[in-house]
Each structure stands twice: as structure tokens, then as C-alpha cells.
Amino acid sequence: MRNPIISILNLSLSFDDRTVLKDLNFDILKGESLVILGGSGSGKSVLTKTIIGLLAPDSGSVKINSKSKNKFGVLFQNSALFDYVTVWENISFNYKKRFNISKKEAKQLAIEKLNDVGLEESIADMFPIELSGGMKKRVALARAIAHNPEIIILDEPTSGLDPIMSDIVNEIIIKLSRDLNPTIITITHDIHSAFKIADKIAVLYEGEIISHGTVQEIQNTNNEYIKKFIRYI
């Protein structure tokens, strides 16, 4: 049985008078692909920012059961690529800085990661402004996995993409999960992507986890909100 790599205990967080996360308790297992599903304003992004330490909770805790120096890799919703450097420099930016490798080694690493996300070596010397939205997402994903992190956070990886490109990104996520065996935490409101890539789904509604289970368990829920979410989103 897999052990928890992240344990969330009695986690609560408020901004001013608005409670965003309400006494959350659940585990994320090592090697699991967990999708945090919910509508806008449900607390998804706040939860992941709390997990990686960008936000401090008012009460409760997030326990990371890992001694790795390469804990987190993050794909931001807007990709957050640096416009002023090339694709390969974007991908290798953190890795090169952390491990002090040569320019040649950094570029080779970036090309390998481009291949991992289904992109050709030929784009390595291009700038982000020259890329389509789908290519930017995949370059950002390549950057997130460049240092082989133990935990990958994906913030709305298919937002703004057409259905065909969304499915390509979903397939890449599944392949990364299979080949690299990281723990993947994806936040999304895209029910179709959630059902495709998840081992488990946690549904957030008004800051609370109202359901946490396998895809089949979520599909067979009796919760009226989740049934409407599945039907209309």
C-alpha cells in the first residue's frame, strides 16, 4: 500500500472576513494523480499555494513526507514563461541555477524535456512570443519537470486550449505519471480532463472537501452539487 506523501490536517485559511479553506483533512498518496476539482472561487488555487508553502494557514498544517531537495515542480495557469529568454533557457532556468551546469548541458536537458512533452528540438531557440497557446503550456510543463520533482502541481493545465490540444496535454500528463511516477496534483474545473487523468478526485465547494474518492466513486455520487457539476461543466 502506498504511503501518504502529503498529509493535510485541520487546514483552515481566511482572507479578511472570508473563509477560503475550512478545516480540510485528507492525504495525498505517493505516486498518486490527484485532481482537485471545483468551480471558480472554491479555494483550489489557495489550497495548492498552501501545500507548496506560498501561503500560511490560519490553523492546521500541511505535512510533506519527503526528504528530497526536488520536492515541487509547478505549472502555472498562465504558463508564466519568461518572454526575454528562449524556450530552452526557460526550461533549464531553475535547474541550471541550482546545479551550476554548463550552457551546453542545460540546453541538452531542455531538449530532452521538450521531447518528453511531445515538442521538437527545433523550437528550443524560439522565444515564447513565437509559440501557440498549446506549445506554451507544454514548454511550461517541460520546465516544471526539468529537475525531476517528486511532486508536480498543475494549475489549470488545459485552460484556454481547444478540445484537441486539451486531450494532447491530458495524454502527456498520463505518460509522465506512468514514466516518472511523481505525485501529481492538478487543479481544474474541467471535468473531462479530471476523469481522464485522475487516480483520485477531491471536490472543493466553498472551501470544503465535499467528496474525495476514485473517478468511479465521484461519477456515482449522490451529492447534488457534484451531479450538476458533472452534467453542466
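Residues numbered from 1 in each chain as written. Predicted model: local features only at pLDDT ≥ 70, side-chain atom pairs only at ≥ 80, totals over all residues. Heavy atoms only, no water.

- Per an unreviewed UniProt entry, the chain goes by ABC transporter domain-containing protein and derives from Trichonephila clavata.

## Considering the packing of helix H3 (residues 103-116) against helix H4 (residues 133-145)
- Look at H3 against H4: their axes get within 9 Å of each other, and the N-to-C directions meet at 120°. Here H3 lies oblique to H4, going by the angle between them. Handedness of the H3/H4 crossing: right-handed. In this structure, H3 uses Lys113, Leu114 and Asp116 to contact H4, whose residues at the interface are Val139, Ala142 and Ile145.
- Here the residues of the contact of H3 with H4 sort into four nonpolar, no polar and two charged. (Axes fitted to C-alpha atoms, helices over the stretch in contact; angles between N-to-C directions. Helix = DSSP H or I, 4+ residues; strand = E, 2+ residues; numbered from the N terminus. Parallel < 35°, antiparallel > 145°, perpendicular 65-115°, else oblique. Left-handed = near helix turned anticlockwise from the far one by under 90°. Contact = heavy atoms within 4.5 Å. Nonpolar A, V, L, I, M, F, W, Y, C, P; charged D, E, K, R; others polar.)

## Some thoughts on the sheet that holds strand S4 (residues 59-64)
- Strand order in the open sheet formed by three strands is S2-S1-S4, with antiparallel pairing between adjacent strands. Two strands in the sheet have a free side with no partner beyond their single neighbour: strand S2 (18-29) and S4. Within the sheet, the average angular offset between the axes of one strand and its neighbour, ignoring direction, is 15°.
- Two strands pair when backbone bridges link them, and strand S1 (residues 4-15) and S4 are joined in this way by five bridges, in the antiparallel orientation. The partner of Ile8 across the bridge, within S4, is Val62.
- On top of the sheet, helix H1 (residues 44-51) reaches S1, S2 and S4; it is set at about 120° to S1, its chief contact. (Pairing = 2+ DSSP bridges.)

## Topic: the pairing of strand S7 (residues 183-188)
- Most of S7 is tucked away, with six of its six residues classed as buried.
- Burial along S7 is two-sided: the residues Thr183, Ile185 and Ile187 and Ile184, Thr186 and Thr188 are all buried.
- Relative to S7, strand S3 (residues 33-37) runs parallel, the two sharing five bridges. Looking across to S7, one finds that Leu34 is bridged to Ile185.
- Alignment of strand S6 (residues 151-155) against S7, held across five bridges, turns out to be parallel. If you follow Ile151 over to S7, its bridge partner there is Thr183. (Buried < 20%, exposed > 50% of the residue type's maximum accessible area, 1.4 Å probe, protein only.)

## Looking at the layout of surface pockets
- If you add up the space inside the largest pocket, you get close to 210 Å³.
- If you go around the largest pocket, the residues you meet are Ile52, Phe72, Gly73, Val74, Phe76, Asn94, Arg98, Arg143, Ala144 and His147.
- Looking at the lining of the largest pocket, the elements with two or more residues in it are strand S5 (72-75), helix H2 (87-99) and H4.
- Sorting elements by how many residues they give to the lining of the largest pocket places S5 first, with three residues.
- Its residues assigned to classes, the lining of the largest pocket shows five nonpolar, three polar and two charged.
- A volume near 160 Å³ is recorded for the second largest pocket. (1 Å grid on protein atoms, 1.4 Å probe; cavity = no way out; pocket = protein on both sides within 12 Å on 5 of 7 lines; lining within 4 Å. Points joined across faces, edges and corners; volume = space filled by probe spheres on them.)

## Brief notes about the side chain of Asn90
- As for its placement among the helices and strands, Asn90 is situated in helix H2.
- Assessed through its relative accessible area of 0%, Asn90 is described here as buried.
- Sequence-distant contacts of Asn90, that is, excluding residues within four places in its chain, are made with Leu81, Phe82, Val85, Pro128 and Arg143.

## Remarks on the environment of Leu154
- You can see Leu154 is positioned in strand S6.
- For Leu154, a relative accessible area of 1% gives the class buried.
- Spatially, the C-alpha atoms of Leu154 and Thr48 are 9.2 Å apart, while their sequence positions differ by 106 residues.
- Those residues in contact with Leu154 that sit more than four places away from it in its chain are Leu75, Leu141, Ile173, Ile184, Ile185, Thr186 and Ile187.

## A few points about the packing of aromatic side chains
- Counted according to the given criterion, the structure contains three aromatic pairs.
- Ring geometry for Tyr205 versus Tyr225: centroids 4.2 Å apart, planes at 40°, classification tilted. Residue Tyr205 is found in strand S8 (residues 200-205), and its partner Tyr225 is found in helix H8 (residues 224-232); the two are separated by 20 residues along the sequence.
- With relative accessibility at 25%, the residue Tyr225 sits in the partly exposed group.
- By the ring-pair criterion, three or more aromatic residues cluster together here, those being Phe82, Tyr84 and Phe93.
- Sitting over the ring of Phe82, Arg143 keeps its end group 5.5 Å from the ring centre. (Phe/Tyr/Trp six-rings, centres within 6.5 Å; stacked < 30°, edge-to-face > 60°. Lys NZ or Arg CZ within 6 Å of the ring centre and 35° of its normal.)

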